[in-house]
Amino acid sequence: MSREVQTLYVAEDEDDIRLDRWFKRRWPHLTHIQVEKMARSGQIRVDGSRVKPQDRLTAGAAVRVPPLPDANPRKPGDLHELSERDIAYAKSLVLYEDHMVIALNKPHGLAVQGGTKTTKHVDRLLSAWGEGMDRPRLVHRLDRDTSGVLLLGKGPEAAKRLAGAFARRQAKKTYWAIVIGNPKPSAGQIDMALKKTGINDFEMMRPAEPKDPKGEPAETAFATISRAAHRAAWMALRPFTGRTHQLRAHMAAIGHPILGDPKYGDDKSRELSGPLKLQLHARRIELDHPGGGKLIVEAPLSPEMKAGFNHFGFSEDEADEDPFEGVRRMR
């Protein structure tokens with residue numbers, strides 16, 4: 001059993017999720033009865049208040065997580081600590097670190113949180129900094145196959161402030177992507193509600209009709225940085241909302257899916273992608289530092305993105321520092 005009480009924060013793309021589903025996403029081995037019992041007894045709280053399993057959570061909310069049973073009972077002699085190699089690997093991902101913030105350069109293929117078949121993930125690696133109050137907190141997420149900047153809060157107060165900035169849409173996030181074709185116009189904004197379909201590994205986000213109650217507002221700004229003739233374009237993308245797979249779903253919806261995307265790509269994009277992996281990279285984050293001042297972090301290109309740049313002849317020096325300077329939400 002995990003013997004420590006944790007405070008975790010609801011991510012942007014988890015806004016309006018049920019409490020019981022939020023727990024099941026993180027700890028698939030928990031039963032509904034276990035979650036219900038912990039909620040009924042007041043062990044689970046949200047922003048300090050009691051909750052029911054069916055209650056819906058809002059982005060940025062603080063969830064008190066009590067000690068949880070293990071998926072498999074531990075046996076004497078089992079080793080659950082990180083190895084020296086794991087610790088060295090975790091520390092090698094650091095882009096920036098101070099007394100309140102850690103910024104990691106998350107690689108392609110590394111999940112942020114665990115699941116039934118996922119044992120190696122960022123959340124597990126955070127033990128490299130210690131346990132209890134010393135253990136950093138996740139304040140937002142990236143898809144498993146998206147590389148780039150991932151911020152962590154050191155201590156509950158820093159995590160709360162960072163999570164709040166994401167929840168209030170105060171973080172300026174710039175992603176780089178390579179898509180099929182040339183979007184026209186070359187820059188603009190996508191205001192298209194999305195809704196979830198399917199479950200678990202088959203879950204996808206699709207465009208929703210304006211009056212669909214399951215539709216979630218989603219806004220993305222886009223700007224073309226460079227083109228490889230008419231075959232592909234290097235895009236800068238800025239999500240103003242934080243829906244699951246938002247950038248991937250939006251680019252697919254306007255007919256320019258991100259290359260290397262097995263879930264949202266079409267036959268033409270798959271053919272053009274060839275061996276390329278998902279061409280989506282969280283390049284830059286700018287927001288208020290929880291201790292004051294501005295925090296700006298950039299992640300160098302991942303090997304997977306470098307392969308895409310090399311294939312199409314793109315060069316990093318073609319990009320402006322902030323291609324969305326002066327751009328604001330449509331709403």
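Note that the structure is a prediction, hence the values are computed from the model and not measured. (Residues numbered from 1 in each chain as written. Predicted model: local features only at pLDDT ≥ 70, side-chain atom pairs only at ≥ 80, totals over all residues. Heavy atoms only, no water.)

(A) Molecular detail of the domain arrangement of the protein chain. Segmenting the protein chain into domains produces domain 1 (4-63), domain 2 (82-166) and domain 3 (170-316). Relative placement of domain 1 and domain 3: their C-alpha centres are 29 Å apart. The contact between domain 1 and domain 3 buries some 540 Å² in all, and 21% of this surface belongs to carbon and sulfur atoms. Looking only at domain 1, the three residues that lose the most surface to domain 3 are Glu12, Asp13 and Arg21, adding up to 69% of its buried area. Across the contact surface, domain 1 and domain 3 share 3 salt bridges. Among the ionic pairs, Arg21 bridges to Glu203, the shortest N-O distance being 2.7 Å. Viewed at the interface, domain 3 and domain 1 are joined by 2 residue pairs in polar contact (both at pLDDT 80 or more). In terms of residue class, the side of domain 1 that touches domain 3 is made up of no nonpolar, no polar and 5 charged. (Domains from an automatic or database assignment. Buried area = accessible area lost by both parts, 1.4 Å probe. Salt bridge = Lys/Arg side-chain N within 4 Å of Asp/Glu carboxyl O. Polar contact = N/O pair within 3.5 Å; in protein donor to acceptor, adjacent residues only side chain to side chain. Nonpolar A, V, L, I, M, F, W, Y, C, P; charged D, E, K, R; others polar.)

(B) The UniProt feature "active site" (unreviewed entry) in the protein chain, seen in detail. With numbering aligned to this structure, UniProt lists the feature "active site" (unreviewed entry) at Asp143. Aside from chain neighbours lying at most four places away, what touches Asp143 is Lys106, His245 and Arg248. (UniProt positions renumbered as here; feature names shortened; annotations may be inferred. Contact = heavy atoms within 4.5 Å.)

(C) Layout of helix H5 (residues 156-167). Between its first and last C-alpha, H5 extends 16 Å over 12 residues, near the 16 Å set by a 1.5 Å rise per residue. Of the positions making up H5, those classed as buried are Ala158, Ala159, Leu162, Ala163, Gly164, Ala165 and Phe166. Summarising the contacts, the buried residues of H5 are in contact with strand E1 (6-9), strand E6 (101-106), strand E7 (137-138), strand E8 (147-153), strand E9 (172-180) and strand E15 (280-288). (Helix = DSSP H or I, 4+ residues; strand = E, 2+ residues; numbered from the N terminus. Expected span 1.5 Å × (residues − 1). Buried < 20%, exposed > 50% of the residue type's maximum accessible area, 1.4 Å probe, protein only.)

(D) Spotlight on the confidence of the model for the protein chain. On average, the protein chain scores 90 in pLDDT, and the residues at 70 or more come to 94%. This stretch, residues 73-80, has a pLDDT under 50; its non-local contacts, to residues over four places away or in other chains, come to 1 contact. (pLDDT = per-residue confidence, 0-100.)

(E) Representation of the environment of Lys277 in the model. Residue placement: Lys277 occurs in the loop between helix H7 (267-273) and E15. Sequence spacing of Lys277 and Pro303 is 26 residues, and the spatial spacing of their C-alpha atoms is 9.7 Å. In contact with Lys277, other than residues within four places in its own chain, are His108, Leu259, Gly260 and Glu304.

(F) Examining the sheet that holds strand E2 (residues 45-46) more closely. Spatial strand order, E1-E4-E2-E3: 4 strands in an open sheet with antiparallel pairing. Looking at the sheet topology across the chains shown, the edges are occupied by E1 and strand E3 (49-50). Across 4 bridges, E1 lies against strand E4 (residues 62-65) in antiparallel orientation. Residue pairing in the sheet places Gln6 in a bridge with Val65 of E4. (Pairing = 2+ DSSP bridges.)

(G) Looking closely at the environment of Arg141. Turning to its location among the elements, Arg141 is positioned in the loop between E7 and E8. Taking C-alpha positions, Arg141 is 23 Å from Gln189, a pair spaced 48 residues apart along the chain.

(H) View of the nonpolar core. The biggest cluster of nonpolar side chains holds 30 residues, and the ones touching the most others in it are Leu237, Ile258 and Leu280. Those elements that place two or more of their residues in this core are E6, helix H4 (122-125), E8, E9, strand E14 (232-239), helix H6 (246-253) and E15. Three or more residues apiece are contributed to this core by two domains, here domain 2 (82-166) and domain 3 (170-316). Once residues within four sequence positions are removed from consideration, Leu237 is found in contact with Lys173, Thr174, Tyr175, Ala177, Ala221, Phe222, Leu247, Met251, Ile258, Leu280 and Phe324. Among the nonpolar cores identified, the runner-up in size contains 20 residues, and Val101, Val139, Phe166 and Ala299 belong to it. (Core = buried A, V, L, I, M, F, W, Y, C linked by side-chain atoms within 4.5 Å.)

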